Amino acid sequence: MTTQLGLPDDIQACLFDLDGVVTRTAVVHAAAWKATFDAFLRERDGAGFRPFTDSDYDRYVDGRPRADGVRSFLASRGIELPEGTPEDPPDAQTVNGVGNRKNELLLEKIRTDGVEAYEGTLRYIDAVRAAGLATAIVSSSANTRDVLRSIDAERLFDVRIDGVVARERKLPGKPRPDTFLAAARDLGVEASRAAVFEDALAGMDAGRSGHFGYVVGVDRVGQTDALYAHGADRVVKDLAELGGHA
């Protein structure tokens, strides 16, 4: 049986990804990654470089912690860099340096263009909370708190597990389920009683391997079949499709 929220009736908590689910920042992340990797590859390989593509973003970067995304994509091109440290400057030829270059570009784009929320998601979260379900934001972004504050949405979540918290607790990122499992634990809810809401394939993998009670894929870019293949129980284009009248 499902509730008016479109969830199994034994679900007690909802765990939401940020970029692409709550905010329209997934496209900004993708643009920052492309600018970063294309500049890196152009410098390395010259005019004949092979550009970073949308498929590369989906397969190697989307939903993953920043350094994991750098490492994963570069490995796909047979490139290996020293790890460096999280404090590396953005011009350092290290995994962390490339990641910090991307973050610098991302923050510049956010400062210039601002952040926009998906109104259907915000209404759905309001309905979830009105129905008495607990909520958490689960994101690999280290900028999660600032982004939530910019759209006045920090109040909508009982728990925040983001890039900062994951680093402090040494939690591996998506596609591993550890960050989602940590959110469920912090809420005092079994994974089997929690629903995961994600737009990234890595997030679907995390929901499936974590044995969560329900996994909702949010298809913003036309990848419904891939979201189902990676473990979604249901795929929607907007969370408003699930209902929202508790």
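A quick note: this is a predicted structure, and the numbers were derived from the prediction, not measured.

Parameters at a glance
Sequence order as written defines the numbering, with residues in each chain counted from 1. pLDDT decides what is reported in this predicted model: residues at 70 or higher carry local features, side-chain atom pairs at 80 or more are listed and counted, and totals for whole chains, interfaces and linings draw on all residues regardless. Computation of side-chain values covers all heavy atoms of the structure but excludes hydrogens and water. Each helix is a run of H or I in the DSSP string that is no shorter than four residues. Each strand is a run of E no shorter than two, and both are numbered from the N terminus. Think of it in three bands: residues with accessible area under 20% of the maximum for their type are buried, residues over 50% are exposed, and the middle band is partly exposed, with areas taken using a 1.4 Å probe on protein chains only. By the convention used here, residues are in contact when the closest approach between their heavy atoms is within 4.5 Å. Under the convention used throughout, the expected extent of a helix is 1.5 Å for every residue step, that is, one less than its residue count. Any two strands with at least two DSSP bridges between them are considered paired. Inter-axis angles, ranging from 0 to 180 degrees, are taken between N-to-C directions of lines fitted to C-alpha atoms, where helices are fitted over the stretch in contact. Under this scheme an angle from 65 to 115 degrees is roughly perpendicular, one under 35 degrees roughly parallel, and one over 145 degrees roughly antiparallel; angles in between are oblique. For any pair of crossing helices, the crossing counts as left-handed if the nearer helix is rotated counterclockwise from the farther one by less than a right angle, and right-handed if it is rotated clockwise. For this scheme, ten residues count as nonpolar: Ala, Val, Leu, Ile, Met, Phe, Trp, Tyr, Cys and Pro. Four count as charged, namely Asp, Glu, Lys and Arg, and the remainder, Gly too, count as polar. Here a Phe, Tyr or Trp ring, Trp counted by its six-membered ring, pairs with any other such ring whose centre lies within 6.5 Å, and the pair is stacked when the planes are under 30 degrees apart, edge-to-face when over 60, and tilted otherwise. Crossover handedness is defined by viewing with both strands directed away from the observer: a clockwise path from the first strand over the helix to the second marks the crossover as right-handed. In protein, a polar contact requires one atom able to donate a hydrogen and another able to accept it; more generally it is a pair of N or O atoms within 3.5 Å, and residues adjacent in sequence count only if both atoms are side-chain atoms.

Asker: Summarise unusual backbone geometry; cite the residues concerned and give the values.
Answerer: The amide bond that connects Lys-174 to the next residue, Pro-175, takes the cis arrangement and shows omega of 15°. Mapped onto the elements, Pro-175 comes out in the loop between helix 7 (163-169) and helix 8 (178-187). The phi dihedral of Asp-152 is positive, around 55°, even though this residue is not glycine. Despite not being glycine, His-211 shows a phi value in the positive range, around 55°.

Asker: An account of the side chain of Thr-179 is needed here, citing residue identities and associated values.
Answerer: Positionally, Thr-179 belongs in helix 8. Look at Thr-179 and you get buried, because its relative accessible area is 5%. Here Thr-179 is in contact with Val-138, Ile-161, Ala-166, Leu-171, Pro-172 and Lys-174, once residues within four sequence places are set aside.

Asker: Kindly report on helix 1 (residues 26-45), identifying the contributing residues and their values.
Answerer: Look at helix 1: 28 Å from first C-alpha to last across 20 residues, which is about the 28 Å you get at 1.5 Å a residue. Along helix 1, the positions that sit buried rather than exposed are Ala-26, Val-28, His-29, Ala-32, Trp-33, Thr-36, Phe-37, Asp-38, Phe-40 and Leu-41. For helix 1, the secondary structure elements touched by its buried residues are helix 2 (54-61), helix 3 (66-76) and helix 4 (95-113). Gly-46 sits one or two residues past helix 1 and shows a positive phi near 85°.

Asker: Outline the sheet that holds strand 1 (residues 13-16), supporting the account with residue identities and numerical values.
Answerer: With parallel pairing, the 6 strands of this open sheet are ordered in space as 3-2-1-4-5-6. Edge positions in the sheet fall to strand 3 (159-161) and strand 6 (234-236), since each of these pairs with one other strand and no more. The mean angle between the axes of side-by-side strands here comes to 20°, regardless of whether they run parallel or antiparallel. In this sheet, strand 6 lies alongside strand 5 (residues 214-218) in parallel orientation, the contact comprising 3 bridges. Each residue of the ladder has a partner; that of Gly-217, found in strand 6, is Val-235. Sitting on the sheet, helix 9 (residues 201-209) is in contact with strand 4 (194-198) and strand 5, with an inclination near 175° to strand 5.

Asker: Before we move on, could you go through the packing of helix 2 against helix 3 and cite the residues and values that matter?
Answerer: With their axes 9 Å apart at the nearest point, helix 2 and helix 3 run at an angle of 120° to one another. Overall, the two elements helix 2 and helix 3 adopt an arrangement that is oblique. Note that helix 2 runs across helix 3; the crossing there is right-handed. Here helix 2 contributes Asp-56, Tyr-60 and Val-61 to the contact with helix 3, which in turn contributes Asp-68, Gly-69, Ser-72, Phe-73 and Ser-76. Here the residues of the contact of helix 2 with helix 3 sort into 3 nonpolar, 3 polar and 2 charged.

Asker: Could you give me a rundown of the packing of aromatic side chains, with the residues and numbers involved?
Answerer: For the coordinates displayed, the defined rule picks out 9 aromatic pairs. Relative to Phe-197, the ring of Phe-16 lies with its centre 4.5 Å away and its plane at 15°, an arrangement referred to as stacked. Here Phe-16, found in strand 1, pairs with Phe-197, found in strand 4; they are 181 residues apart in sequence, far enough to count as distant. For the ring pair Tyr-60 and Phe-73, a centre distance of 6.5 Å and an interplane angle of 55° mean the geometry is tilted.

Asker: Any details on the pairing of strand 4? Residues and values, ideally.
Answerer: The buried fraction of strand 4 amounts to 5 of the 5 residues, a majority that puts the element mostly inside the structure. Neither face of strand 4 is left uncovered, since the one carrying Ala-194, Val-196 and Glu-198 and the one carrying Ala-195 and Phe-197 both have all their residues buried. Relative to strand 4, strand 1 runs parallel, the two being bridged by 4 bridges. Opposite Cys-14, over in strand 4, you have Ala-195 as the bridge partner. Inspection of the sheet shows strand 4 paired to strand 5 by 4 bridges, in the parallel sense. Note that in strand 5 the partner of Phe-197 across the bridge is Val-216. After leaving strand 4, the chain enters helix 9 and then returns to the sheet as strand 5, a path that is right-handed.

Asker: With reference to specific residues and values, describe the environment of Arg-167.
Answerer: Its location among the elements puts Arg-167 in helix 7. When its relative accessible area of 54% is taken as the criterion, Arg-167 is described as exposed. Among all residues touching Arg-167, those that are not within four sequence positions of it are Pro-86 and Glu-87. Here Glu-87 takes part through its side chain, which lies 3.4 Å from a polar atom of the side chain of Arg-167.

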